[in-house]
Amino acid sequence: TQLLEQSPQFLSIQEGENLTVYCNSSSVFSSLQWYRQEPGEGPVLLVTVVTGGEVKKLKRLTFQFGDARKDSSLHITAAQPGDTGLYLCAGGLGNTGKLIFGQGTTLQVKP
Amino acid sequence: SAVISQKPSRDICQRGTSLTIQCQVDSQVTMMFWYRQQPGQSLTLIATANQGSEATYESGFVIDKFPISRPNLTFSTLTVSNMSPEDSSIYLCSVGQMDGYTFGSGTRLTVV
């Protein structure tokens, strides 16, 4: 069974602080996706990384895929209250189209 | 990316009854999935909805409990049958395309 361990599960920080969320697995994934979800809504895709060592930036968010395609990180610089939400990583399982989700990180950014 | 309309958004149901959740996509998609999520927690894949054939279920989920229909490439339904309080959860449909995956807004089900 493929598992994706996401940490931390909860994070409460002050506006302006930096943070990093990690996803780790013993399995290799064809892709790694990051989602953000707000209450009452479905997850919204932030980024997909597919190449080992790949780094993508989305404004204040930086995403990295590990060289071996088993782990990933999400770094947020100068967090803002609007960043509050549930962040989910998901590993792609090749041609099946299926995704394995991490446990999620609930982020609260206080003004 | 695709736009998904999922209905109902929420429902409160009596135990022993069934609820059918609908997922309508604004374009034809090959891959469609159904997930379950406890509020604030991760998503668990229930099944892959296959057009024109039986759905493919993940371990722990069976067709008798969660029958799925996929009559065409834009529509699917998930039925939660003979409900018990343990079925209280958020159910989401998702479609996969070249530019990524899109999720419906979910159906929050409470079984009393």
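Quick caveat: nothing in here was measured; it's all calculated off a predicted structure.

Before going further, it helps to examine the sheet that holds strand β6 (residues 55–58) of chain A. All names here are of chain A. Spatial ordering of the open sheet is given by β1-β3-β8-β7-β6, a layout of five strands whose pairing is antiparallel. If you trace the sheet from one side to the other, it starts and ends with β1 (5–7) and β6, each paired once. Neighbouring strand axes in the sheet, compared pairwise and without regard to direction, differ in orientation by 15° on average. As judged from the three bridges shared by β1 and strand β3 (residues 19–24), these two strands associate in the antiparallel manner. Pairing of Q6 across the sheet is with C23, part of β3.

Across the chain, the bulk of peptide bonds are trans and the bulk of non-glycine residues have phi less than zero. With omega at -5°, the peptide bond leading from S7(A) into P8(A) counts as cis. Here P8(A) is to be found in the loop between β1 and β2 (10–14). Residues K7(B) and P8(B) are joined by a peptide bond in cis, for which omega reads -5°. Mapped onto the elements of the fold, P8(B) is located in the loop between β1 (4–7) and β2 (10–13). The phi torsion at K59(A) lies on the positive side, around 55°, for a residue other than glycine. Checked against the element boundaries, K59(A) lands in the loop between β6 and β7 (61–65). Accessibility expressed as a relative area gives 83% for K59(A), which makes it exposed. Residue N82(B) is not a glycine yet carries a positive backbone phi of 45°. One can find N82(B) in the loop between β8 (75–80) and β9 (89–97). Exposure remark for N82(B): the relative accessible area of 54% places this residue in the exposed category.

Turning our eyes to something else, we now look at the pattern of salt bridges. Under the counting rule described, the total for this entry stands at five salt bridges over all chains. One salt bridge connects K56(A) with E54(A), and the closest N-O pair in it is separated by 3.8 Å. With relative accessibility at 31%, the residue K56(A) sits in the partly exposed group. Among the residues examined, E54(A) registers a relative accessible area of 18% and is labelled buried. Between E58(B) and K98(A) there is a salt bridge, with its nearest N and O atoms 2.8 Å apart. Remark: K98(A) occurs in the loop between β9 (85–92) and β10 (99–101) and E58(B) occurs in the loop between β6 (56–57) and β7 (68–72); the pair is interchain, linking two chains.

Attention shifts here to the pairing of strand β4 (residues 31–37) of chain B. Residues and elements named next belong to chain B. In terms of residue burial, β4 counts as a mostly covered element, since five of its seven residues are buried. Note that β4 and β9 share seven bridges and pair antiparallel. Paired with Y35 across the two strands is L92, which belongs to β9. With six bridges connecting them, β4 and strand β5 (residues 43–49) associate as antiparallel partners. Its bridge partner lying in β5, R36 is registered against T44. What sits between the antiparallel neighbours β4 and β5 is a turn of five residues, in which G40 has the positive phi angle 75°.

Attention shifts here to the pairing of strand β8 (residues 71–76) of chain A. In the case of a regular strand, side chains alternate between the two sheet surfaces. Residue and element names in this part refer to chain A. Of the strand pairs in this sheet, β3 and β8 are connected by six bridges, and their pairing is antiparallel. Residue pairing in the sheet places C23 in a bridge with S72 of β8. Of the pairings in the sheet, the one linking β7 to β8 comprises five bridges and is antiparallel in character. Bridging across to β8, Q64 finds its partner in S73.

So, on to the interface of chain A and chain B. Contacts between the two partners involve 18 residues from chain A and, on the opposite side, 18 residues from chain B. Between chain A and chain B, the buried area comes to about 1300 Å², and carbon and sulfur atoms account for 56% of it. On the surface where chain A and chain B come into contact, there are one salt bridge. Remark: the boundary between chain A and chain B carries four residue pairs in polar contact (both at pLDDT 80 or more). Those elements that place two or more of their residues in the side of chain A that touches chain B are β4 (31–37), β9 and β10 of chain A. In terms of residue count, the dominant contributor to the side of chain A that touches chain B is β4(A) (three residues).

The rules behind each value
- Residues numbered from 1 in each chain as written.
- Chains lettered and ligands numbered in written order.
- Predicted model: local features only at pLDDT ≥ 70, side-chain atom pairs only at ≥ 80, totals over all residues.
- Heavy atoms only, no water.
- Pairing = 2+ DSSP bridges.
- Helix = DSSP H or I, 4+ residues; strand = E, 2+ residues; numbered from the N terminus.
- Axes fitted to C-alpha atoms, helices over the stretch in contact; angles between N-to-C directions.
- Buried < 20%, exposed > 50% of the residue type's maximum accessible area, 1.4 Å probe, protein only.
- Salt bridge = Lys/Arg side-chain N within 4 Å of Asp/Glu carboxyl O.
- Contact = heavy atoms within 4.5 Å.
- Buried area = accessible area lost by both parts, 1.4 Å probe.
- Polar contact = N/O pair within 3.5 Å; in protein donor to acceptor, adjacent residues only side chain to side chain.

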